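# Results of the structural survey
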2 protein chains.
Amino acid sequence: MLAAPINPSDINMIQGTWRTEAVFSEEVLVGVPKDIPLPSAATLSVNPCTAYRMLVDFEQLQPGDCVIQNASNSGVGQAVIQIAAALGLRTINVVRDRPDIQKLTERLKNLGADHVITEEEIRKHEMKNFLKDMPQPRLALNCVGGKSSTELLRHLAPGGTMVTYGGMAKQPVIASVGLLIFKDLKLRGFWLSQWKKDHSPALTVLNTGGEQPASTATLSMAKRSSGLNQFKELILTLCNLIRRGQLTAPACSQVPLQDYQRALEASTQPFVSSKQILTM
Amino acid sequence: MLAAPINPSDINMIQGTWRTEAVFSEEVLVGVPKDIPLPSAATLSVNPCTAYRMLVDFEQLQPGDCVIQNASNSGVGQAVIQIAAALGLRTINVVRDRPDIQKLTERLKNLGADHVITEEEIRKHEMKNFLKDMPQPRLALNCVGGKSSTELLRHLAPGGTMVTYGGMAKQPVIASVGLLIFKDLKLRGFWLSQWKKDHSPALTVLNTGGEQPASTATLSMAKRSSGLNQFKELILTLCNLIRRGQLTAPACSQVPLQDYQRALEASTQPFVSSKQILTM
C-alpha cells in the first residue's frame, strides 16, 4: 500500500484500517495503471466512483442538462463538477459561506463549475432569475440533509431525482407532500459499498503503484462472475478521465502515516479545502 | 350524470363541479358497463384507480408479498385492501385509534386486511415481533405524512418504496439520511390526474348507468392515440374485480344533490367511515 486518503466515512464510522502492508488474493484486487499520479490513485476508489455512479445511474441525462449539488467543495463534490463537465453536463454548486469564498468559487469554476452559490444565496427568491440561463436541474446530489436538501428539492425540475449520499448537517431530509405528489420528485439514496457488493463480488481496489498488471484481475474475475466486473470497468473509465486531464485529485496534503493524528485533526477542521492523504 | 362521490380532493381544492347534466364529446367518455352497481360506478374513477396504480406501478410485487399503508379506512385505503387481496398481496393497515376501533378492524378484515394496527401500536418496538409472520413490506402507501409516514419507512424492507398520495396530517415527509443511504429506501409520489394525462389524453369517466356501450369510446380513442388507452383498460380491469365480488364500494350514504350541504358537513367529520354520494 502506498497511500490512503482520510474520508468523512473513516471518521464517522470505522470501515477499515490504515496499514502499510496486507495480504490479499490476487483476484480480489484491481491494479491501478502505472501512469496515474499517486494523489489521484489514492483518492480514486471512493469519491470519484460515488460521483460517477450518481451522475449516471439515476437520471438519463443528456449533454446540456443540469445537476445541482450541495457540499460542492467535498471530495465527491469536486469529482462531480469535473465528471459532469467531462460528460457535457452543467452544474449548480452550493457551498457554505466562508471567509475565502471568492477563492473557493474561483477554484471550483476552474474545475468546470458553471455556478457556485452559497447556502444563503440559494434560499433567495431572485435566485430563480439568476439561474434562468440554465435548464432546471433534473438531478440533485445531497450530502448535507436538513434545510440544505429542502432547497435542492425546491430547485429540481418536475420529475427530477434527489440522491442523498451523506448527512453532514445531521438532520433528516424533509420533503413536502406537495413536491412528491404534484411535482413527482423522487428521493433516493446511494451507498458505494452496497453498489460494489451488488456489482463486483469480492473485489478491492489496492493502490499498488502499477506493480500489478491491470489485466490479471480482469481474467480471474471473469471466471468467477458471469457478467463484466463493473467496478473494475468504473475504475478504468475514471483512469481515462485522469489521463485526459478531466479529473484531477482534490487539493490534498500528504502526511506520513506515523503523523496520522495531525492528519486526523486537520481533516475535522471546518471549511477544510484539502484532503489529508496518509503516505505509507 | 347519475351519482358522484365527495372525495377529500373536492374539499381541499376545487377540481370540478357537481352537476346533473353536461355536454361531452362521445370520444372523451368511458362507458361503465350496465351490470356495475351505482355506488361502485360512482366511486370507481378516483379511489380504486389510485389504489390499483400504486400497487402495480412502483414495485414488482409477487403473490405473498406485503404492503403497508396508513389512512387504511379512507376510500383509497379500502380499495387498496381489496385489490391487494385480489392480487394475492398481504396488507398491514394503520388507522387512527377511535371509539369503535374493534368494529372498524372487523370491517377492514372482512374486506381482506391481514393486520389492522393503530398509529399508537405501530410505534411500539414489539410490533416487529407481532408482524414476524409477514414478509417485510416492500411497498408503503402514505396518505398522511408527518410521524405516520416516518413509521411506514421504519417498517419497509431494504430497497422498498414509499408512495405518497396525500398529506392529511398537513406535515411533510421526514426521512432519515441513514434510511435513504443504507436501507436504499425510495420515496415517490402519485397523482392520478397526472397519470391520466400521461396515459389517456382527453378522456373522462362519466357514470352513464350503462346507456353508452363501452366499445364506443375504445374505437374512437384508438383512432386518436397510437397506443392502448390505459385509463379505459384500468376501468375495465376494476369492473371485472367488482363483478367477481373482489371490489365493493366503500360504505356510503346516498344524498340527493339538493341536500349537498348536509353531505359536505358529514364528509368533513372526524373518523367518518362512510363516503357521501350525491345522487342527481
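Conventions adopted
- Residues numbered from 1 in each chain as written.
- Chains lettered and ligands numbered in written order.
- Predicted model: local features only at pLDDT ≥ 70, side-chain atom pairs only at ≥ 80, totals over all residues.
- Heavy atoms only, no water.
- Pairing = 2+ DSSP bridges.
- Helix = DSSP H or I, 4+ residues; strand = E, 2+ residues; numbered from the N terminus.
- Axes fitted to C-alpha atoms, helices over the stretch in contact; angles between N-to-C directions.
- Contact = heavy atoms within 4.5 Å.
- Buried < 20%, exposed > 50% of the residue type's maximum accessible area, 1.4 Å probe, protein only.
- Right-handed = clockwise from strand over helix to strand, strands pointing away.
- Salt bridge = Lys/Arg side-chain N within 4 Å of Asp/Glu carboxyl O.
- Buried area = accessible area lost by both parts, 1.4 Å probe.
- Polar contact = N/O pair within 3.5 Å; in protein donor to acceptor, adjacent residues only side chain to side chain.
- Nonpolar A, V, L, I, M, F, W, Y, C, P; charged D, E, K, R; others polar.
- Least-squares fit on C-alpha atoms with pLDDT ≥ 70 in both.
- Core = buried A, V, L, I, M, F, W, Y, C linked by side-chain atoms within 4.5 Å.
- Phe/Tyr/Trp six-rings, centres within 6.5 Å; stacked < 30°, edge-to-face > 60°.
- pLDDT = per-residue confidence, 0-100.
- Parallel < 35°, antiparallel > 145°, perpendicular 65-115°, else oblique.

## A look at the sheet that holds strand β1 (residues 3-5) of chain B
Residue and element names in this part refer to chain B.
- An order of β1-β12-β11 is seen for the three strands of this open sheet, with the pairing classed as mixed. Each of the sheet's edge strands pairs with one partner strand only, and the pair in question is β1 and β11 (252-256). Strand-to-strand, the axes of this sheet are offset by a mean angle of 30°, without reference to chain direction.
- Alignment of β11 against strand β12 (residues 275-279), held across five bridges, turns out to be parallel. Bridged to Pro256 within β12 is Thr279.
- Together, β11 and β12 form the strand contacts of helix α13 (residues 260-267), whose direction differs from that of β12 by roughly 165°.

## Some details on the sheet that holds strand β1 (residues 3-5) of chain A
Residues and elements named next belong to chain A.
- Pairing is mixed across the open sheet formed by three strands, whose spatial order is β1-β12-β11. Strands with a single pairing partner mark the edges of an open sheet, and in this sheet they are β1 and β11 (252-256). Pairwise comparison of adjacent strand axes, ignoring direction, gives a mean angle of 30° for this sheet.
- Its contacts with the sheet place helix α13 (residues 260-267) against β11 and β12 (275-279), and it is angled at close to 165° to β12.

## Overview of the pairing of strand β3 (residues 66-69) of chain A
Residue and element names in this part refer to chain A.
- Of the two faces of β3, the one holding Cys66 and Ile68 and the one holding Val67 and Gln69 are both buried throughout.
- Note that β3 and strand β4 (residues 90-95) share four bridges and pair parallel. By the bridge assignment for β4, Gln69 is matched with Asn93.
- At this point the chain moves from β3, through helix α4 (residues 75-86), to the parallel β4, and the crossover so formed is right-handed.
- Here three bridges tie β3 to strand β6 (residues 139-142), and the two strands are oriented parallel to one another. In the sheet register, Val67 faces β6, and the bridge partner there is Leu139.

## Here's the deal with the pattern of salt bridges
Residue and element names in this part refer to chain A.
- This structure, assessed with the given rule, holds 14 salt bridges over all chains.
- A salt bridge links Arg243 to Asp35; its shortest N-O distance comes to 2.6 Å. Of this pair, Arg243 sits in helix α12 (residues 230-243) while Asp35 is found in the loop between β2 (29-30) and α2 (38-42), placing the two residues 208 residues apart along the sequence.
- Among the ionic contacts, a cluster of salt bridges with common partners joins Glu59, Asp65 and Arg138.

## Things to note about the interface of chain B and chain A
- The partner chain A presents 23 residues to the 23 residues of chain B that form the contact.
- Contact between chain B and chain A buries roughly 1,900 Å² in total, counting both sides, with carbon and sulfur atoms accounting for 71%.
- At the surface where chain B touches chain A, the tally comes to zero salt bridges.
- Taken together, the connections running from chain B to chain A amount to three residue pairs in polar contact (both at pLDDT 80 or more).
- Mapped by element, the contributors of at least two residues to the side of chain B that touches chain A are β8 (173-175), α9 (177-182) and β9 (186-189) of chain B.
- Here the side of chain B that touches chain A is composed, by residue class, of 14 nonpolar, six polar and three charged.
- In the sheet, strand β8 (residues 173-175) of chain A pairs with β8 of chain B via three bridges, with the strands oriented antiparallel. Bridge assignment links Ala175 of chain A to a residue of β8 of chain B, and that residue is Val173 of chain B.

## Observations concerning the relation of the copies chain B and chain A
- Take chain B, turn it by 180°, move it 0.0 Å along the axis, and it overlays chain A with an RMSD of 0.1 Å. Both copies are brought into coincidence by an operation consistent with a two-fold rotation axis.
- When the interface residues of chain B are mapped onto chain A, 100% of them are again interface residues, pointing to one common binding face.

## Some thoughts on the nonpolar core
- Ranked by internal contacts, the top residues of the largest apolar core, which has 43 residues, are Met162 and Leu187 of chain A together with Leu153, Met162 and Leu187 of chain B.
- The element contributing the most residues to this core is α9 of chain B, with four residues.

## A word on unusual backbone geometry
- Positive phi values are uncommon outside glycine, yet Ala71 of chain A reaches one of about 50°.
- Structurally, Ala71 of chain A can be placed in the loop between β3 and α4.
- Exposure remark for Ala71 of chain A: the relative accessible area of 14% places this residue in the buried category.
- Positioned with a positive phi, Lys170 of chain B is a non-glycine residue whose angle comes to about 55°.
- As for its position among the elements, Lys170 of chain B is in the loop between β7 (161-164) and β8.
- Assessed through its relative accessible area of 76%, Lys170 of chain B is described here as exposed.

## Thoughts on the packing of aromatic side chains
Residue and element names in this part refer to chain A.
- This structure, assessed with the given rule, holds four aromatic pairs over all chains.
- Judged by centre distance (6.2 Å) and plane angle (85°), the ring pair of Phe58 and Phe190 falls under edge-to-face. Of this pair, Phe58 sits in the loop between α3 (47-57) and β3 while Phe190 sits in the loop between β9 (186-189) and α10 (192-199), placing them 132 residues apart in sequence. Across the pair, exposure class does not vary: Phe58 and Phe190 are buried alike.

## Here's the deal with the environment of Ala41 of chain B
- When you line up the elements, Ala41 of chain B lands in helix α2 (residues 38-42).
- Placed 208 residues apart in sequence, Ala41 of chain B and Ala249 of chain B show a C-alpha to C-alpha distance of 8.2 Å.

## Let's talk about the confidence of the model for chain A
- Per-residue pLDDT for chain A averages 87, and the proportion of residues at 70 or more is 86%.
- Counted against residues more than four places away or in other chains, residues 208-227 of chain A, with its pLDDT under 50, gives 30 contacts.

## Notes on the packing of helix α4 (residues 75-86) of chain B against helix α5 (residues 101-111) of chain B
Residue and element names in this part refer to chain B.
- In the contact formed by α4 and α5, the axes pass within 8 Å of each other and the chain directions differ by 40°. One finds that α4 runs oblique with respect to α5. Residues Gln78, Ile81 and Gln82 of α4 form the contact with α5, whose participating residues are Arg107, Leu108 and Leu111.
- Each residue belonging to the contact of α4 with α5 can be placed in one class, and the counts come to three nonpolar, two polar and one charged.

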